[in-house]
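Remarks on the overall topology
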Amino acid sequence: MILQPHHFWQEIVPAGTSGTSIETVFTDSYPAQFRDGRQLLLPIRVLPGDGTKAVASLIINQASFAVEDALAEALTHEILPFAADVVIGVPTLGLPLAANVARRLGHGRMVALGTSRKFWYQDELSEPMSSITSPAHAKSIFIDPRMLPLLEGKRVALIDDVISSGSSLAAVLRLLDKAGVEPVVIGAAMLQSTRWHEPLSPWRERIVAAIRSPMLERTAEGGWRPLA
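Below is a summary of the structure that appears in this document. Note that this is a predicted model, so its numbers are computed, not measured. Per-chain numbering applies: the sequence of each chain, read as written, is numbered from 1 onward. Given that this is a predicted model, residues contribute local features only at a pLDDT of at least 70 and side-chain atom pairs are listed and counted only at 80 or more, while totals for whole chains, interfaces and linings are drawn from all residues. Computation of side-chain values covers all heavy atoms of the structure but excludes hydrogens and water.

**A closer look at the packing of helix α1 (residues 65–79) against helix α2 (residues 94–104)**
Axis definition: a line fitted to C-alpha atoms, limited for helices to the stretch in contact. Angles are taken between N-to-C directions and run from 0 to 180 degrees. Only DSSP runs of H or I reaching four residues or more are called helices, and only runs of E reaching two or more are called strands; each is numbered from the N terminus. In the contact formed by α1 and α2, the axes pass within 9 Å of each other and the chain directions differ by 60°. With respect to their mutual orientation, α1 and α2 come out oblique. Along this stretch, α1 crosses α2, giving a crossing that reads as right-handed. Residues E68, D69, A72, E73, L75, T76 and I79 of α1 lie in contact with α2, whose contacting residues are P96, L97, N100, V101 and R104. Each residue is assigned to one class: nonpolar for Ala, Val, Leu, Ile, Met, Phe, Trp, Tyr, Cys and Pro, charged for Asp, Glu, Lys and Arg, and polar for all the others, Gly among them. Considering only residue class, the contact of α1 with α2 consists of six nonpolar, two polar and four charged. An angle below 35 degrees is read as roughly parallel, one above 145 as roughly antiparallel, one from 65 to 115 as roughly perpendicular, and any other as oblique. Should the near helix be turned anticlockwise from the far one by less than a right angle, the crossing is left-handed, and should it be turned clockwise, the crossing is right-handed. The criterion used for residue contact is that any of the two residues' heavy atoms lie within 4.5 Å.

Written out as structure tokens, the structure is:
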């Protein structure tokens, strides 16, 4: 199925619409699957380097509301067993997802981390971080000290949009550790490849997602096949 760039992330298709086996060769899109088999076609993005590796991309603030709701519903189902009292959202793209999930959990609010420093923020409650999608733009992540009473002694769910290399999430976890917060669960719309396994190894049993996608390698014919 060939989609124009602006058509991605707009519709969830029925189970079995596209093949997903390790032998399947993909061209421009990869069908990430929900637990019930429904599929979300994601554009394939070639990673920097020699051009032989790629990932399936999800940009949740470009998704239709129906797709965002489906991802939030699936993620809420994964998070429910952890009985979280409060949701923390990771900026930027994790914030709408976190708000959606918090509402579905019956919460009246969420706690948003920030990358824009307010004058009342404290340096000791910040941590440098970078994103795999914007590696040249290092920034800092902050927690508003006024939000700390909402987190003290609570079961916290930490929510981001995509977990890929794990580097940015590791920075968020270091920040929360400074604030004395240890999440009982970490949720994402998508787990992208398995590169995050090593940097987030202490947390792997607490990481859940709505969908998953593999690392892809270029075939001799120019298509893309999931790495085993």
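**Describing the sheet that holds strand β10 (residues 185–192)**
In spatial order, the strands read β6-β5-β9-β10-β11; together these five strands make up an open sheet with parallel pairing. The sheet is open, and its two borders are formed by β6 (111–112) and β11 (207–213), each paired with just one other strand. Between any two strands, pairing holds if DSSP finds at least two bridges. Of the pairings in the sheet, the one linking strand β9 (residues 156–163) to β10 comprises six bridges and is parallel in character. Within β10, the position partnered with L158 by the bridge is I186. Together, β9, β10 and β11 form the strand contacts of α1, whose direction differs from that of β11 by roughly 140°. Its contacts with the sheet place α2 against β5 (86–89), β6, β9 and β10, and it is angled at close to 135° to β9.

**Structural notes on the pairing of strand β2 (residues 29–33)**
Three labels apply to residues, based on accessible area from a 1.4 Å probe with only protein chains included: buried if under 20% of the type maximum, exposed if over 50%, partly exposed otherwise in between. Taking burial as the measure, the five residues of β2 include four buried ones, the bulk of the element. In this structure, β2 lies alongside strand β3 (residues 39–46), joined through five bridges in antiparallel fashion. Note on β3: the bridge partner recorded for Q33 is Q39. The loop that links β2 with its antiparallel partner β3 comprises five residues; one of these, G37, has a positive phi angle of about 95°.

**As for α2**
Buried residues of α2: G94, L97, A98, N100, V101 and A102, and no others. Just downstream of α2, G106 is the residue with a positive phi angle, here 85°.

**Description of the environment of I163**
As for its position among the elements, I163 is in strand β9. For the pair I163 and M110, spaced 53 residues apart in the sequence, the C-alpha separation amounts to 20 Å. With near-sequence residues (within four places) excluded, I163 lies in contact with L169, I186, A188, M190, L191, Q192, W196, L200 and I207.

**Observations concerning unusual backbone geometry**
At the junction of P91 and T92, the peptide bond is cis and its omega measures out at 0° in the coordinates. You can see T92 is positioned in the loop between β5 and α2. The backbone phi angle of A83 is positive, close to 50°, even though this residue is not glycine. Along the polypeptide, A83 turns up in the loop between α1 and β5. Of the residues examined, A83 reaches a relative accessible area of 46% and is grouped as partly exposed. Even without a glycine there, the phi angle at S193 is positive, about 65°. Turning to its location among the elements, S193 is positioned in the loop between β10 and β11. S193 gets classed as buried once you look at its relative accessible area, which sits at 6%.

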